[in-house]
Amino acid sequence: MVTKYFFTILAIAASTAFAQSCQNPQVEAASFTSLDATVVTQIAYITEFTLKCDNPLPANYALYAEVDGKSLTAARIGENKYQVSWTEEPSKARSGVHEVRILDEEGFASLRRARRSDPAAAVAPLLAIQLNHPGSYSGPWVNSEVLATALSVIVAYTALRNKGNILA
(Lines give C-alpha, C1' and ligand atoms only; values in the text may rest on other atoms or scores of the structure.)
Protein backbone atom coordinates (compact mmCIF):
# COMPACT_ATOMS: atom_id res chain seq x y z
CA MET A 1 0.00 0.00 0.00
CA VAL A 2 2.84 2.37 0.85
CA THR A 3 4.57 1.70 -2.44
CA LYS A 4 1.34 2.49 -4.31
CA TYR A 5 1.14 5.92 -2.69
CA PHE A 6 4.85 6.49 -3.16
CA PHE A 7 4.62 5.86 -6.90
CA THR A 8 1.50 8.03 -7.17
CA ILE A 9 3.24 10.91 -5.42
CA LEU A 10 6.34 10.35 -7.54
CA ALA A 11 4.25 10.41 -10.74
CA ILE A 12 2.52 13.64 -9.71
CA ALA A 13 5.84 15.28 -8.82
CA ALA A 14 7.41 14.20 -12.09
CA SER A 15 4.46 15.43 -14.15
CA THR A 16 4.47 18.84 -12.49
CA ALA A 17 8.25 19.14 -12.90
CA PHE A 18 8.14 18.23 -16.59
CA ALA A 19 5.02 20.26 -17.32
CA GLN A 20 6.55 23.44 -15.94
CA SER A 21 7.27 26.07 -18.52
CA CYS A 22 8.87 29.47 -18.22
CA GLN A 23 6.37 32.17 -17.28
CA ASN A 24 7.16 35.70 -18.55
CA PRO A 25 10.62 34.89 -19.98
CA GLN A 26 13.26 37.63 -19.86
CA VAL A 27 16.51 37.18 -21.70
CA GLU A 28 19.93 38.81 -21.82
CA ALA A 29 21.90 37.67 -24.87
CA ALA A 30 25.33 38.09 -26.42
CA SER A 31 26.26 36.82 -29.88
CA PHE A 32 29.53 36.13 -31.68
CA THR A 33 30.43 35.10 -35.25
CA SER A 34 33.59 34.37 -37.21
CA LEU A 35 34.54 37.40 -39.26
CA ASP A 36 37.65 36.18 -41.10
CA ALA A 37 37.01 33.43 -43.66
CA THR A 38 40.56 33.45 -45.02
CA VAL A 39 41.94 31.01 -42.44
CA VAL A 40 38.87 28.98 -41.40
CA THR A 41 36.86 26.31 -43.17
CA GLN A 42 33.64 26.96 -41.22
CA ILE A 43 31.94 30.15 -40.04
CA ALA A 44 30.91 29.80 -36.37
CA TYR A 45 27.77 31.36 -34.94
CA ILE A 46 27.46 31.47 -31.15
CA THR A 47 24.79 33.03 -28.99
CA GLU A 48 24.83 32.88 -25.20
CA PHE A 49 21.84 33.92 -23.15
CA THR A 50 20.58 34.07 -19.59
CA LEU A 51 16.94 33.10 -19.12
CA LYS A 52 14.98 34.55 -16.21
CA CYS A 53 11.42 33.47 -15.49
CA ASP A 54 8.81 34.53 -12.94
CA ASN A 55 8.49 30.94 -11.75
CA PRO A 56 11.39 28.77 -10.57
CA LEU A 57 12.54 26.26 -13.18
CA PRO A 58 13.91 22.79 -12.52
CA ALA A 59 17.67 22.29 -12.68
CA ASN A 60 17.36 20.08 -15.77
CA TYR A 61 15.18 22.50 -17.77
CA ALA A 62 15.97 21.70 -21.40
CA LEU A 63 15.80 24.23 -24.22
CA TYR A 64 16.03 23.78 -27.98
CA ALA A 65 16.65 26.21 -30.81
CA GLU A 66 15.65 26.53 -34.42
CA VAL A 67 17.68 28.59 -36.88
CA ASP A 68 16.85 28.77 -40.58
CA GLY A 69 14.93 25.49 -40.39
CA LYS A 70 17.70 23.64 -38.49
CA SER A 71 16.89 22.16 -35.08
CA LEU A 72 19.59 22.58 -32.44
CA THR A 73 20.00 21.85 -28.74
CA ALA A 74 20.71 24.69 -26.35
CA ALA A 75 23.63 23.67 -24.13
CA ARG A 76 23.36 24.57 -20.48
CA ILE A 77 26.57 26.37 -19.46
CA GLY A 78 25.58 27.64 -16.02
CA GLU A 79 22.66 28.39 -13.79
CA ASN A 80 19.96 29.68 -16.16
CA LYS A 81 22.69 30.26 -18.79
CA TYR A 82 22.50 28.59 -22.19
CA GLN A 83 24.47 28.56 -25.43
CA VAL A 84 23.39 27.80 -28.99
CA SER A 85 26.06 27.36 -31.65
CA TRP A 86 26.33 26.10 -35.21
CA THR A 87 28.67 26.34 -38.18
CA GLU A 88 28.30 26.87 -41.93
CA GLU A 89 30.65 26.79 -44.88
CA PRO A 90 31.83 30.30 -45.86
CA SER A 91 30.25 29.95 -49.31
CA LYS A 92 26.83 29.23 -47.76
CA ALA A 93 27.06 31.69 -44.85
CA ARG A 94 24.86 34.69 -45.45
CA SER A 95 25.30 38.06 -43.84
CA GLY A 96 22.47 39.76 -42.03
CA VAL A 97 20.24 38.93 -39.10
CA HIS A 98 19.70 35.31 -38.10
CA GLU A 99 16.72 34.68 -35.84
CA VAL A 100 17.46 32.10 -33.14
CA ARG A 101 14.08 30.80 -31.99
CA ILE A 102 14.25 29.25 -28.51
CA LEU A 103 11.73 26.53 -27.61
CA ASP A 104 11.12 24.55 -24.46
CA GLU A 105 10.41 20.79 -24.53
CA GLU A 106 6.69 21.28 -25.11
CA GLY A 107 7.23 23.78 -27.92
CA PHE A 108 9.88 21.59 -29.57
CA ALA A 109 7.58 18.56 -29.45
CA SER A 110 4.80 20.67 -31.02
CA LEU A 111 7.19 21.83 -33.74
CA ARG A 112 8.23 18.26 -34.55
CA ARG A 113 4.58 17.13 -34.71
CA ALA A 114 3.67 20.05 -36.97
CA ARG A 115 6.68 19.44 -39.25
CA ARG A 116 5.65 15.83 -39.87
CA SER A 117 2.61 17.00 -41.85
CA ASP A 118 3.98 20.32 -43.16
CA PRO A 119 7.77 20.91 -43.39
CA ALA A 120 7.23 24.69 -43.44
CA ALA A 121 5.12 24.73 -40.27
CA ALA A 122 6.05 27.13 -37.50
CA VAL A 123 5.32 27.15 -33.78
CA ALA A 124 5.44 30.21 -31.56
CA PRO A 125 8.80 30.17 -29.74
CA LEU A 126 9.37 30.76 -26.06
CA LEU A 127 11.62 33.65 -27.11
CA ALA A 128 13.62 34.80 -30.13
CA ILE A 129 17.16 36.17 -30.21
CA GLN A 130 18.53 38.21 -33.12
CA LEU A 131 22.10 37.33 -34.14
CA ASN A 132 23.67 39.81 -36.56
CA HIS A 133 26.38 38.48 -38.87
CA PRO A 134 28.00 41.36 -40.79
CA GLY A 135 29.67 39.01 -43.25
CA SER A 136 33.07 37.38 -43.42
CA TYR A 137 36.24 38.73 -44.97
CA SER A 138 37.41 36.31 -47.67
CA GLY A 139 40.58 38.13 -48.62
CA PRO A 140 41.37 40.77 -51.23
CA TRP A 141 39.85 40.64 -54.71
CA VAL A 142 43.33 40.23 -56.20
CA ASN A 143 45.95 38.11 -54.45
CA SER A 144 49.34 39.71 -53.84
CA GLU A 145 51.08 37.06 -55.99
CA VAL A 146 48.96 37.95 -59.02
CA LEU A 147 49.49 41.67 -58.44
CA ALA A 148 53.29 41.24 -58.11
CA THR A 149 53.44 39.17 -61.31
CA ALA A 150 51.39 41.73 -63.26
CA LEU A 151 53.53 44.62 -62.02
CA SER A 152 56.78 42.81 -62.90
CA VAL A 153 55.49 42.12 -66.45
CA ILE A 154 54.57 45.81 -66.86
CA VAL A 155 57.99 46.96 -65.56
CA ALA A 156 59.84 44.50 -67.86
CA TYR A 157 57.78 45.58 -70.90
CA THR A 158 58.40 49.27 -70.16
CA ALA A 159 62.16 48.68 -69.68
CA LEU A 160 62.50 46.75 -72.95
CA ARG A 161 60.48 49.33 -74.89
CA ASN A 162 62.53 52.22 -73.51
CA LYS A 163 65.77 50.34 -74.25
CA GLY A 164 64.68 50.10 -77.89
CA ASN A 165 63.93 53.84 -78.02
CA ILE A 166 67.30 54.73 -76.46
CA LEU A 167 69.32 52.54 -78.86
CA ALA A 168 67.50 53.82 -81.94
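Note that this is a predicted model, so its numbers are computed, not measured.

A.B. asks: For this particular structure, what's the right way to read the overall build of the protein?
C.D. replies: Within the protein, the regular secondary structure consists of 3 helices and 7 strands. Listing the helices and strands of the protein from first to last along the sequence gives α-β-β-β-β-β-β-α-β-α. The proportion of buried residues among the 168 residues of the protein is 23%. Restricting the contact set of the protein to residue pairs at least 6 apart, pairs at least 24 apart contribute 68%.

A.B. asks: Explanation requested: the nonpolar core in the structure shown.
C.D. replies: A general trend in soluble globular proteins is that nonpolar side chains are found buried together. Of all hydrophobic cores here, the largest spans 20 residues; its most connected members are Leu63, Val84, Trp86, Val100 and Ile102. When residues of this core are traced back to their parent elements, those giving at least two are β2 (43–52), β3 (63–67), β4 (70–78), β5 (81–88), β6 (96–104) and β7 (127–133). Take this core: its biggest share by element is 4 residues, from β2. Residues contacting Leu63, with those up to four places away along its chain left out, are Phe49, Leu51, Thr73, Ala74, Tyr82, Ile102, Leu103, Asp104 and Leu126.

A.B. asks: Explain the state of the cysteines to me, please; I cannot follow it from the model alone.
C.D. replies: All chains considered together, the criterion is met by 1 disulfide. Residue Cys22 pairs covalently with Cys53 via a disulfide, S to S 1.7 Å. Measuring the twist about the S-S bond at about -105°, one finds the Cys22-Cys53 disulfide to be left-handed. Of this pair, Cys22 sits in the loop between α1 (2–19) and β1 (26–33) while Cys53 sits in the loop between β2 and β3, and the two are 31 residues apart along the sequence. Residue Cys22 is classed as buried on the basis of its relative accessible area, which comes to 6%.

A.B. asks: In this structure, what is going on with unusual backbone geometry? I would like to understand it.
C.D. replies: Negative phi is the rule for most residues except glycine; trans is the rule for most peptide bonds. Even without a glycine there, the phi angle at Asp68 is positive, about 50°. Along the polypeptide, Asp68 turns up in the loop between β3 and β4. The class for Asp68 is partly exposed, based on a relative accessible area of 45%. Phi is positive for Asn80, which is not a glycine, with a value near 60°. Among the structural elements, Asn80 can be located in the loop between β4 and β5.

A.B. asks: I would appreciate a short explanation of the environment of Thr87 in the present structure.
C.D. replies: Tracing the chain through its elements places Thr87 in strand β5. Sequence separation between Thr87 and Thr33 is 54 residues, and the spatial gap between their C-alpha atoms is 9.4 Å. Not counting chain neighbours up to four residues away, the residues in contact with Thr87 comprise Gln42, Ile43, Ala44 and Lys70. For Thr87, the side chain forms a polar contact with the side chain of Gln42, separated by 3.4 Å.

A.B. asks: Help me out: how do you make sense of the pattern of salt bridges in this one?
C.D. replies: If the charged atoms of two oppositely charged side chains come close together, the side chains can form a pair. Counted under the stated rule, the structure contains 5 salt bridges. Between Glu66 and Arg101 there is a salt bridge, with the nearest N and O atoms lying 3.0 Å from each other. Placement of Glu66 in strand β3 and of Arg101 in strand β6 is noted, with a sequence separation of 35 residues between them. Pair check on accessibility: Glu66 and Arg101 agree, each one buried.

What counts and how
Residues numbered from 1 in each chain as written. Predicted model: local features only at pLDDT ≥ 70, side-chain atom pairs only at ≥ 80, totals over all residues. Heavy atoms only, no water. Helix = DSSP H or I, 4+ residues; strand = E, 2+ residues; numbered from the N terminus. Buried < 20%, exposed > 50% of the residue type's maximum accessible area, 1.4 Å probe, protein only. Contact = heavy atoms within 4.5 Å. Core = buried A, V, L, I, M, F, W, Y, C linked by side-chain atoms within 4.5 Å. Disulfide = S-S within 2.5 Å. Polar contact = N/O pair within 3.5 Å; in protein donor to acceptor, adjacent residues only side chain to side chain. Salt bridge = Lys/Arg side-chain N within 4 Å of Asp/Glu carboxyl O.

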